[in-house]
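# Descriptive structure summary
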Amino acid sequence: MTTLTSTPRTDGFRMPAEWEPHSQTWMVWPERPDNWRLGGKPAQIAFTAVAKAIAEFEPVTVCVSAGQYENAHARLDHNNIRVLEMSSDDAWVRDTGPTFVTNSHGEVRGVDWAFNAWGGLDGGLYFPWSRDDQVARKLLEVEGCARYRTEGFILEGGSIHVDGEGTLITTEECLLNRNRNPHLSREAIEDVLRTHLAVDTVIWLPDGLFNDETDGHVDNFCCYVRPGEVLLAWTDDPQNPNYPRCQAAMQVLEHARDAKGRQLIVHKMPIPGPLHATAEECAGVDLVAGSQQRSPDVRLAGSYVNFLIVNGGIIAPSFDDPLDEEARSILTRVFPEHRIVLVPGREILLGGGNIHCITQQQPAPQRT
Ligand code: KQY
């Protein structure tokens, strides 16, 4: 595998939007007992349901440790799912995998961002994270894709969304957090995004969802549904701790212009809950110093925005919540050409994220 010293932009590559055609989606099998309750068994059932839902639309590769290979292979029995042995520290391939970039000659490459487990020793979620930091490189090696490595520049894929037409959306809470790239100014961070993803405009929301342990990843709060249109997690309840966050995001989005000069249309998606882990669910998570502790008192950062767009479909979480059907109908309205599939998301949420966080799309080669 080649590691390049140029940048995607200078080489004619850009990050496509998630709705552009995929060749496959990547996942990583959960087993970490200080993150997933009961040694990851309920999460494995949830991940299997997500993988099988995606596999109805496009191929899926699930990376799994040697110790879990047999189990994962047996559970993921589907003709569109490939199981691949790979070590990792946890199962968040949105953040540990590469961000794929494409050019107009049908080539696909990957950006391998440096990874520090969402904050390193300053609020990060576990230590060490060295095997997670190798996931992107290994995955690109398997696919024979050239790699751009941003040594010293920390970024997770869940902290960005693009429209494929030159605009990126992110949050200050995450990208300007002192536990990511404190040596860089906002302008210098924008510059890395411009050169590596070929975007021209960066829209900065102040915060992500309340209590999101990633420090406010945008993929749990706001996403593009097509160029010029975003879907924003929303509450009208001033008592909801998300209320000021939603208001602040709306202020930014209403005044933003994207790279094409468009004003954005903002669709609202209600926030489920309040959702909390039960005492029993928390008790099932191993206690390890330096890893995220679980408590029933903490409001979970559940969000219907944390879905994956696949070829012809939307794979979105449900929470056994009265708002599940409203979420489905909003997704049906904003994605009229896609089949909407809801998959239970609670077990993934208990681990700190949801469907978008545990998946990474690989774009199909494009010839234009
Ligand atoms: O949501 C994500 N993108 C990652 C969440 C990591 C949670 C680890 N406990």
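Within each chain, residues carry numbers counting from 1 in the order of the written sequence. In keeping with the model being predicted, local features are shown solely for residues with a pLDDT of at least 70 and side-chain atom pairs are shown and tallied solely at 80 or more, while totals for entire chains, interfaces and linings include all residues. Computation of side-chain values covers all heavy atoms of the structure but excludes hydrogens and water.

### Regarding the site of the ligand
Taken together, 13 residues lie near the ligand, and Asn-35, Asp-95, Glu-213, Gly-351 and Cys-357 sit nearest. The side chain of Asn-35 places a nitrogen or oxygen atom 2.6 Å from a nitrogen atom of the ligand. Burial of the ligand by the protein chains amounts to 98% of its free accessible area of 300 Å². Throughout, near means a residue has at least one heavy atom within 4 Å of the molecule or strand. Any pair of N or O atoms that falls within 3.5 Å is considered a polar contact. Within protein, one atom must be able to donate a hydrogen and the other to accept it, and sequence-neighbouring residues count only if both atoms are side-chain atoms. What sets the accessible areas is the Shrake-Rupley method with a 1.4 Å probe; for residues, cover comes only from the shown protein chains.

### Some details on the sheet that holds strand β10 (residues 201–205)
The strands making up a sheet are joined through hydrogen bonds of the backbone, oriented either antiparallel or parallel. Here a strand pair is declared whenever DSSP counts at least two bridges between the two strands. In this description a helix means any DSSP run of H or I spanning at least four residues, a strand means any run of E spanning at least two, and both kinds are numbered starting from the N terminus. Read from one edge to the other, the open sheet built from three strands follows the order β8-β9-β10, with strand pairing classed as mixed. For this open sheet the edge positions go to β8 (161–162) and β10, each flanked by a neighbour on one side alone. The pairing of strand β9 (residues 167–171) with β10 spans five bridges and is parallel. Looking across to β10, one finds that Thr-167 is bridged to Thr-201. Contacts are residue-level and defined by heavy atoms, with any inter-residue pair within 4.5 Å sufficient. Each axis is a line fitted through C-alpha atoms, and for a helix only the stretch in contact is used; angles between axes span 0 to 180 degrees, taken between their N-to-C directions. Packing of helix α7 (residues 186–197) onto the sheet brings it into contact with β9 and β10, and relative to β10 it is tilted by some 130°. Contacting β9 and β10, helix α8 (residues 243–255) runs over the sheet at an angle of about 155° to β10.

### Structural notes on the packing of aromatic side chains
Only the six-membered ring of Trp is used, alongside the rings of Phe and Tyr, when aromatic pairs are assigned; centres must lie within 6.5 Å, and planes under 30 degrees apart are stacked while those over 60 apart are edge-to-face, with the rest tilted. According to the stated counting rule, one finds eight aromatic pairs in the structure shown. With a centroid separation of 5.4 Å and 85° between ring planes, the pair formed by Trp-36 and Phe-47 is classed as edge-to-face. Here Phe-47 lies in helix α1 (residues 41–55) and Trp-36 lies in the loop between β2 (22–28) and α1, a separation of 11 residues in the sequence. Across the pair, exposure class does not vary: Trp-36 and Phe-47 are buried alike. Ring centres of Tyr-304 and Phe-319 lie 5.3 Å apart, and the angle between their planes is 65°; this geometry places the pair in the edge-to-face category. With a gap of 15 residues between them, Tyr-304 in the loop between α9 (279–283) and β14 (308–310) and Phe-319 in the loop between β15 (313–318) and α10 (324–334) connect regions that are remote in the sequence. Residue exposure (1.4 Å probe, protein chains only): buried if accessible area is under 20% of the type maximum, exposed if over 50%, otherwise partly exposed. With relative accessibility at 1%, the residue Tyr-304 sits in the buried group. Judged by its relative accessible area of 7%, Phe-319 falls in the buried class. Taken together, the ring pairs in this structure connect Trp-36, Phe-47 and Trp-92 into an aromatic cluster. Whether a charge lies above a ring is judged from NZ of Lys or CZ of Arg, which has to be within 6 Å of the ring centre and within 35 degrees of the ring normal. Above the plane of the ring of Tyr-126 lies Arg-32, whose end atom (NZ or CZ) is 4.1 Å from the centre. Positioned over the ring face of Trp-204 is Arg-186, at 5.1 Å from the centre of the ring.

### Focus: the pattern of salt bridges
Any Lys or Arg side-chain nitrogen located within 4 Å of an Asp or Glu carboxyl oxygen qualifies as a salt bridge. Applying the stated criterion to the full structure yields 26 salt bridges. Close ionic contact of Arg-37 with Glu-347 constitutes a salt bridge, the shortest N to O distance being 2.6 Å. Note that Arg-37 is positioned in the loop between β2 and α1 and Glu-347 in helix α11 (residues 346–350), a separation of 310 residues in sequence. For the pair shown, Arg-37 and Glu-347 are each scored as buried. Between Glu-213 and Arg-294 there is a salt bridge, with its nearest N and O atoms 2.8 Å apart. Here Glu-213, found in the loop between β10 and β11 (222–226), pairs with Arg-294, found in the loop between α9 and β14; they are 81 residues apart in sequence, far enough to count as distant. Taking the relative accessible area as the measure of exposure, Glu-213 reaches 15% and is therefore buried. The network of salt bridges with shared partners includes Asp-112, Asp-133, Arg-147, Arg-149 and Glu-151.

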